[in-house]
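Inside the fold
Chain by chain, the residues:
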Amino acid sequence: MNDPRGSVWRKWDLHVHTPASFHWNEGINIAKRTPEDRDKVLDELIEKVVASDVAVFGIMDYWTFDGYLAIRARLAARNLTIPKTIFPGMELRIEAPVDFRLNIQVVLSDALTEQQLQDFKAALRIGAIDRALSNESLIAFARTLDPSKAQVHGFQEADLKDEQKLIQLGSMTALVTRESLRSAIKQVPPDTCLVILPYDTSDGLSKLDWEKHPHDDNYFMQTAHMFETREPENVDLFHGRETEKNQKFLRNFLKTMGGKPKPAISGSDAHKIADYGAFPSNRITWIKADPTFEGLRQTLYEPLSRVAISTD
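Please read these numbers as outputs of a predicted model, since none were measured by experiment.

Structural notes on the environment of Glu-114
Position of Glu-114 among the secondary structure elements: in helix H3 (residues 114-123). C-alpha separation for the pair Glu-114 and Thr-85, spaced 29 residues apart in sequence, amounts to 17 Å. Not counting residues within four places of it along the chain, the set of residues in contact with Glu-114 comprises Leu-69 and Arg-72.

Focus: the sheet that holds strand S12 (residues 307-310)
If you trace the 5 strands from one edge of the open sheet to the other, you get S3-S2-S1-S11-S12, paired in mixed fashion. Looking at the sheet topology across the chains shown, the edges are occupied by strand S3 (85-87) and S12. Sheet twist, expressed as the mean angle between neighbouring strand axes with direction ignored, is 30°. Pairing analysis gives 4 bridges linking strand S1 (residues 9-16) to strand S2 (residues 54-59), with the strands arranged parallel.

Things to note about the side chain of Glu-228
The residue Glu-228 is located in strand S9 (residues 226-228) in this model. As a buried residue without a salt bridge, Glu-228 has its nearest oppositely charged side chain in Arg-230, at a separation of 4.5 Å. Within the structure, Glu-228 has its side chain in polar contact with the side chain of His-15 (distance 3.0 Å). Side chain to side chain, Glu-228 and Thr-201 meet in a polar contact 3.5 Å long. Not counting residues within four places of it along the chain, the set of residues in contact with Glu-228 comprises His-15, Gln-105, Ile-196, Leu-197, Pro-198, Tyr-199, Asp-200, Thr-201, Ile-265, Ser-266 and Gly-267.

A word on helix H4 (residues 135-143)
Three- or four-residue spacings in an α-helix give side chains the same orientation, since the helix completes a turn every 3.6 residues. Buried within H4 we find Ser-137, Leu-138, Ile-139, Phe-141 and Ala-142. On its buried face, H4 sits against strand S6 (125-126), strand S7 (131-132) and helix H6 (163-173).

Rules and cut-offs
- Residues numbered from 1 in each chain as written.
- Predicted model: local features only at pLDDT ≥ 70, side-chain atom pairs only at ≥ 80, totals over all residues.
- Heavy atoms only, no water.
- Helix = DSSP H or I, 4+ residues; strand = E, 2+ residues; numbered from the N terminus.
- Contact = heavy atoms within 4.5 Å.
- Pairing = 2+ DSSP bridges.
- Axes fitted to C-alpha atoms, helices over the stretch in contact; angles between N-to-C directions.
- Buried < 20%, exposed > 50% of the residue type's maximum accessible area, 1.4 Å probe, protein only.
- Lys, Arg positive; Asp, Glu negative; His and termini not counted.
- Salt bridge = Lys/Arg side-chain N within 4 Å of Asp/Glu carboxyl O.
- Polar contact = N/O pair within 3.5 Å; in protein donor to acceptor, adjacent residues only side chain to side chain.

This is the structure we're talking about:
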């Protein structure tokens, strides 16, 4: 056990970005920095993690594990062990019958090797061009978009000749297939990958019309191991807590999820170092478990007693 008393409540922030994300709000992507500047920003990030009162962080960069791997490499280069847990993860957009880009996330065990993470990513495919996920594929997809589609997302026709702009455009518009997500999960050992589905947060599942698309609603609700939400009423639903507001449909909601409650979490969605552990509206995720991937998996079996979203 991590603590001789057993499981204790700790803050977990399972949704932070790094300078490897294309939507980073604090300087340029680490891939374009000098080695000295790259090490400097990674050291600043590590210092923030160590100083934070959050015990566990999940890196959720868009389309890549590069940020997580850069942090891990920097820790190894400094021969540094920190008293915090950092999980690799990835934020994606997935094919779905919606008029927005449905967000889906994966969090993986920190025991996985770099090659296992790269195998996971390589199995993901961009459906429109049927190519494995990579920067080159994001560029290739972006080049299939006509100038009017690029302009909708804030890009000019001249940007379609700039590779960095094309990566950004592809990142904002590409979708992975459901089949490739299933295949990617099979590339890593069993019980080392969990699917997180945003619900009422940015581009979440709550906007999918379940009456028109019951099959798709069931698929996503049952594929997800846990959900991202900040609404107390939705936390009650996912955790199977009956209230006056949900008593008439709670049973149907649980059946849609596969017949059992599932954990509800709320991350900071930090796009700059200063926002790590700064939960919107103070909707803090508390988890009563060891700060390990096995501890996170335990919440799947006891979400009501092991997960809370609240100030205290």
